[in-house]
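Here's the letter readout for the chains.
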Amino acid sequence: MRYWLMKSEPSDCSIDDLAAMPDQTVAWYGVRNYQARNFMRDQMTPGDQAFFYHSNCAQPGIVGIVSISSLAYPDATQFDPDSRYFDPKATRQTPRWLNVDVTLVRKTPLVSLAALRAEPELETLRMLQKGNRLSITPVDPAHWKFITSTLMAAADAP
DNA sequence: GCCAACGTTGGC
DNA sequence: GCCAACGTTGGC
């Protein structure tokens, strides 16, 4: 069982959008980066947990926890000419892009990007590394524990 | 909207 | 296989 951080633009799919989905589950489509795809294909298994992160918005940061609820399977949007994620080089026989399903576990207090950066314990968190643009990054168990038990607990307190 | 830092593409 | 040009990401 592994831990992850998955970025989503709230204008595209916010944590509240996810909460409103049937079964609070959504296909994590639209990943068009090979490294991120390979994480889904090679390392994600149902039951893994991930931070749901809002990117490219006024308040970037972690806003919830989701669980991975499927193995990787072909991303339907690559075959759809009307989709912004259409890939003319992908075929049904040899799909290029995959997605997993994610299911909401719970919304959390906002742990802002600034708050993450402020913690020496998180210096080596993959998503904070200079130049990182991956939409899916692994999270060390120690980092997961620190964020959930220390940062989120502090934010919950009055 | 700006721009730094990437990743991808395609000609050679 | 190189690398310039281009596109994208994402914080600010």
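Now for a quick tour of the structure. (Residues numbered from 1 in each chain as written. Chains lettered and ligands numbered in written order. Predicted model: local features only at pLDDT ≥ 70, side-chain atom pairs only at ≥ 80, totals over all residues. Heavy atoms only, no water.)

### Notes on the overall build of chain A
For chain A, the count of helices and strands is five helices and eight strands. The order of α-helices and β-strands along chain A, N terminus first, is β-α-α-β-α-β-β-β-β-β-α-β-α. For 158 residues, the compact-globule estimate of 2.2 N^0.38 gives 15 Å, and chain A sits close to it at 16 Å. Along the first, second and third principal axes, the C-alpha set of chain A runs to 50 × 30 × 30 Å. When the 158 residues of chain A are sorted by exposure, 45% land in the buried category. A separation threshold of at least 6 residues defines the contact pool for chain A, and within that pool the share at least 24 residues apart is 74%. Accessible area of chain A: about 8500 Å², with a carbon and sulfur share of 51%. (Helix = DSSP H or I, 4+ residues; strand = E, 2+ residues; numbered from the N terminus. Rg over C-alpha atoms; globule rule 2.2 N^0.38 Å. Buried < 20%, exposed > 50% of the residue type's maximum accessible area, 1.4 Å probe, protein only. Contact = heavy atoms within 4.5 Å. Areas by Shrake-Rupley, 256 points an atom, 1.4 Å probe, with all protein chains shown as cover.)

### Section: the protein's contact with DNA strand B
Every residue lining DNA strand B is accounted for by Asn33, Tyr34, Lys89, Arg96, Lys130, Gly131 and Arg133. Here DNA strand B approaches the protein such that, of its atoms within 4 Å, sugar and phosphate make up 67%. Contact between DNA strand B and Arg133: a base oxygen at 2.5 Å from a side-chain N or O atom of the residue. Its residues assigned to classes, the surface near DNA strand B shows one nonpolar, two polar and four charged. (Near = heavy atom within 4 Å. Polar contact = N/O pair within 3.5 Å; in protein donor to acceptor, adjacent residues only side chain to side chain. Nonpolar A, V, L, I, M, F, W, Y, C, P; charged D, E, K, R; others polar.)

### A short note on the pairing of strand β1 (residues 3–8)
Where burial is concerned, most of β1 is hidden: six out of the six residues are buried. Pairing between β1 and strand β3 (residues 49–54): six bridges, direction parallel. When the sheet's bridge partners are listed, Ser8 is paired in β3 with His54. One ladder, built from four bridges, connects β1 with strand β8 (residues 136–139); its direction is antiparallel. (Pairing = 2+ DSSP bridges.)

### A word on unusual backbone geometry
For Asp23, which is not a glycine, the phi torsion comes out positive at approximately 60 degrees. Locating Asp23 in the fold gives a position in the loop between α2 (15–20) and β2 (25–27). The backbone of Asn56 sits at a positive phi, close to 55 degrees, despite the residue not being glycine. Along the chain, the position of Asn56 falls in the loop between β3 and β4 (61–68).

### Structural notes on the protein's contact with DNA strand C
Lys7, Tyr53, Ser55, Asn56, Pro60, Leu113 and Arg133 make up every residue found near DNA strand C. Protein-proximal atoms of DNA strand C, defined as those within 4 Å of the protein, fall in sugar or phosphate at a share of 65%. Lys7 has a polar side-chain atom sitting 2.7 Å from a phosphate oxygen of DNA strand C. In this structure, a phosphate oxygen belonging to DNA strand C sits 2.8 Å away from a main-chain N or O atom of Asn56. Partitioned by chemical class, the residues of the surface near DNA strand C number three nonpolar, two polar and two charged.

### Some words on the environment of Asn99
Note that Asn99 resides in strand β6 (residues 98–99). Classification of Asn99 as buried rests on a relative accessible area of 2%. Sequence separation between Asn99 and Arg37 is 62 residues, and the spatial gap between their C-alpha atoms is 7.5 Å. Filtering out sequence-adjacent residues up to four positions away, Asn99 remains in contact with Ala27, Trp28, Tyr29, Met40, Leu71, Ala72, Tyr73, Pro74, Asp75 and Ala76.

### With respect to the environment of Glu123
With respect to the helices and strands, the residue Glu123 is situated in the loop between α4 (113–117) and β8. Under the relative-accessibility criterion, Glu123 is labelled exposed at 60%. Remark: the alpha-carbon pair of Glu123 and His143, spanning 20 residues in sequence, is separated by 9.7 Å.

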